[in-house]
Amino acid sequence: MTRRRALLLLASPIVLGAAGLGGCAELQRPNVPWPVPPGLLPVDQEPGRAAVNIMAQRMLGASSGIKDEPGRIAQAAGLMEWMAVELNRARWSAVPPDARAGIGLARDEMRGALGADPLADSPRLAAALAAAYRALRSGNRAAAAAALPSSLFPRGGDATLLRLSDPGPLPQGEISTTYLAERVRVLDETNGWSADFDTPVPADRGGRGPIPLAF
């Protein structure tokens, strides 16, 4: 799938409507913020922009498949779960709708690749993926498998680890995370955020900074 074709797909009213309404229960609830699960992001960075940038970095090359890097995919998948909900909050309203909807589509693509329950709550999935990511970083594969319960991953932890090691091509994930990172950068560089967006533009993007530690 070419990037142009994917972006045209994201922009269609049918896709935007489906992504906005979503199959996940949390998208029908009030947009109450919830913290990023521990370990997915550096503790010294503002989580919103850090998540956007790290997702794009981790998904680079995913269109042709990323093999033998289960920790990398677990981190990206956990951040997608968080951002798919976070982007529905009003403070992200300046981000184009197709960029926000694209992360929901990428999240759904990732769930399918990993064999996750398509109707599971994002907070539970994000927490499980973060726990697996922390275990993989420490070299504890057994703990990583145990962190992926069958209630969220019906095939079980061991099978899900295999999927994390070889999820197959993820074109929606690569295209959507790259596009979101580009849109956020443009908003930073052009001071395009709404007046009540309380995160200063970073100094390296022409703003006065510094970036706060939380939205």
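Preceding this section is the structure that the text describes.
Keep in mind that this is a model prediction, so the values were computed, not measured.

Peer 1: Residues and numbers for the pattern of salt bridges, please.
Peer 2: A side chain with one charge may pair with a side chain of the opposite charge, provided their charged atoms come close. Under the counting rule described, the total for this entry stands at 8 salt bridges. Residues Glu189 and Arg185 are paired through a salt bridge, measuring 3.3 Å at the closest nitrogen-oxygen approach. Residue Glu189 and its partner Arg185 are both found in helix H9 (residues 171–189); the two are separated by 4 residues, about one turn of the helix. Its relative accessible area of 47% is what places Glu189 among the partly exposed residues. Three or more residues joined by partner-sharing salt bridges are found here, namely Glu81, Arg107, Asp108 and Arg111.

Peer 1: Describe unusual backbone geometry, naming the residues involved and giving the relevant values.
Peer 2: Trans peptide bonds make up most of the peptide bonds, and negative phi angles are found at most residues other than glycine. Positive phi is not limited to glycine here, since Asp68 has a value of about 65°. Relative to the assigned elements, Asp68 resides in the loop between helix H3 (47–58) and helix H4 (70–86). A relative accessible area of 66% means that Asp68 is categorised as exposed. For Asn191, which is not glycine, the phi dihedral falls at a positive 50°. Mapped onto the secondary structure, Asn191 falls in the segment after H9.

Peer 1: Describe the nonpolar core, naming the residues involved and giving the relevant values.
Peer 2: Formed by 58 residues in total, the largest nonpolar core has its most connected members in Met83 and Leu180. Listing elements by their share of this core, those giving two or more residues are H3, H4, helix H5 (97–114), helix H6 (122–137), helix H7 (141–146), helix H8 (157–165) and H9. Of all the elements, H4 adds the most residues to this core, at 10 residues. Among residues more than four places away in sequence, those in contact with Leu180 are Val52, Met55, Met83, Leu87, Val95, Ala99 and Ile103.

Peer 1: Give me the lowdown on the packing of aromatic side chains, citing residues and values where you can.
Peer 2: Within the structure shown, the criterion is met by 1 aromatic pair. Ring plane angle 80° and centroid distance 6.0 Å describe the contact between Trp92 and Trp193, whose orientation is recorded as edge-to-face. Separated by 101 residues along the polypeptide, Trp92 in the loop between H4 and H5 and Trp193 in the segment after H9 bring together distant segments of the chain. As far as the burial class goes, Trp92 and Trp193 line up, both buried.

The rules behind these values
Residues numbered from 1 in each chain as written. Predicted model: local features only at pLDDT ≥ 70, side-chain atom pairs only at ≥ 80, totals over all residues. Heavy atoms only, no water. Salt bridge = Lys/Arg side-chain N within 4 Å of Asp/Glu carboxyl O. Helix = DSSP H or I, 4+ residues; strand = E, 2+ residues; numbered from the N terminus. Buried < 20%, exposed > 50% of the residue type's maximum accessible area, 1.4 Å probe, protein only. Core = buried A, V, L, I, M, F, W, Y, C linked by side-chain atoms within 4.5 Å. Contact = heavy atoms within 4.5 Å. Phe/Tyr/Trp six-rings, centres within 6.5 Å; stacked < 30°, edge-to-face > 60°.

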